[in-house]
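Chains, contacts and geometry: an overview
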Amino acid sequence: MIDIVGDGLSLKCIAILSGINECILKEYVISNHFKTLKSHKTKESKFSISDSKNIINGLQSEKNLQILKKKFSFYNFKGGVGKTSICFQLSSHIALMGYTVLVIDADPQAHISTSFGFLPDNSYLTLYDLFTKNASFNDIKKNIFEGFDLIPSNLSLTRLESVFYKENNSFSKLSEVLSSIEKNYDFIFLDTNPTISFLNRSVVFFSDVISLVCETQPYSLNGLKILLEDLNNFYVHAKIEPKDINIIPNKYEYKAVSSAEAMSILRKFYGKYIKEDFAIRKSEDFNISAKIGKPLAFFAKKNSIALEDISDLIYQILNKYTYYRNN
Ligand SMILES: Nc1ncnc2c1ncn2[C@@H]1O[C@H](COP(=O)(O)OP(=O)(O)O)[C@@H](O)[C@H]1O
Ligand SMILES: [Mg+2]
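Residues numbered from 1 in each chain as written. Chains lettered and ligands numbered in written order. Predicted model: local features only at pLDDT ≥ 70, side-chain atom pairs only at ≥ 80, totals over all residues.

**A short note on the overall build of the protein**
- In terms of regular secondary structure, the protein is built from 14 helices and eleven strands.
- Relative to the 2.2 N^0.38 estimate, which gives 20 Å for 327 residues, the radius of gyration of the protein is 20 Å and therefore close to what a compact globule would have.
- Oriented by its inertia axes, the alpha-carbon framework of the protein measures out at about 60 × 50 × 45 Å.
- Looking at the protein as a whole, 43% of its 327 residues are labelled buried.
- Contacts spanning at least 24 positions in sequence make up 78% of the contacts within the protein whose residues lie at least 6 apart. (Helix = DSSP H or I, 4+ residues; strand = E, 2+ residues; numbered from the N terminus. Rg over C-alpha atoms; globule rule 2.2 N^0.38 Å. Buried ≥ 20, exposed ≤ 12 C-beta atoms within 10 Å, placed from the backbone. Contact = placed C-beta atoms within 7 Å.)

Here it is as structure tokens:
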């Protein structure tokens, strides 16, 4: 497992994540005697994960948070569009803000597990073991840091397909298997692989919101129409209400005509699924992050566009799917 617990967050990153002004953070940290991490190599002062959460919580007045939708899957038949990268960043940064989060790796290729430092071998248990009742949830979950858990994956997930068919299971089986642990988390994020499998269908069934990640290339949008049609057919087949759909345009490049073209196609044909004028910009930070297995906030420079875009996306989710109840 990767060691991110020993790393800390700078006040700048805490400010970006929490939306709290850096000067206010500084004053709060000094007056409450929070200690910076000693062993850090950079000049910048950093705070431990639990202190970062305490700082954010301390400055946000007590509120009765209601979460309207908690289960988000990242989906597309296309590979390489950024599903895993966005799932990795979104889940870890929402957890750093103090929400309790579970990530489920539903891709047998285990890319997100690898990013979290779990190399895909058969030594750990996966969704397969939960599903076949070989293990309980507590046996399979891995803790990344406080309030942030992962169900890792490996090739065992490919065997789930035959189990699904042999036992003539319905798409609701995954939801049943996960129903008892749902309440332990504020948010659950699921990473999928680009196939039409029983497992992916079950993930769609389980999800409240389906985030369709796509590249901002006109050719890359061709599949979107088919993808949406396929989802609609599935809702009818499975006799379920349509899920919320968000399209997340990724790898946007300012000066590229193709990116601008892709955004105008999205606005014209898929306007109701996107936030106008938002796309995740292309940034080398995403590649570095996956390679070193650390979420952006642990290493990104002060002016990281990647971290800026990920926090923007987090606030879109929080604004749309949570509210504070007065009582
Ligand atoms: N916004 C981005 N800017 C630059 N590279 C990106 C961005 N998003 C993803 N990538 C890179 O694209 C590649 C594919 O991303 P990945 O998340 O693995 O896609 P998927 O899960 O859809 O197959 C990876 O090398 C990843 O680092
Ligand atoms: Mg992936």
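Having seen it, we continue.
**Section: the nonpolar core**
- Within the largest apolar cluster, 80 residues are counted, with the highest numbers of intra-cluster contacts made by Val101, Phe189, Leu212 and Ala297.
- The dominant element in this core, judged by the number of residues it contributes, is helix H4 (residues 83–96), at seven residues.
- Here this core spans two domains, since at least three of its residues come from each of domain 1 (9–59) and domain 2 (66–325).
- Residues in contact with Ala297, not counting those within four places in the same chain, are Leu9, Cys13, Leu17, His93, Leu96 and Leu307. (Core = buried A, V, L, I, M, F, W, Y, C linked by C-beta atoms within 7 Å. Domains from an automatic or database assignment.)

**Digging into the domain arrangement of the protein**
- Domain boundaries assigned for the protein yield domain 1 (9–59) and domain 2 (66–325).
- Relative to domain 2, the C-alpha centre of domain 1 lies at a distance of 28 Å.
- Listed by partner, the interface residues are twelve residues for domain 1 and eleven residues for domain 2.
- At the level of elements, helix H1 (11–18) and helix H3 (49–59) are the ones that each hand at least two residues to the side of domain 1 that touches domain 2.
- It is H3 that contributes the most residues to the side of domain 1 that touches domain 2, six residues altogether.

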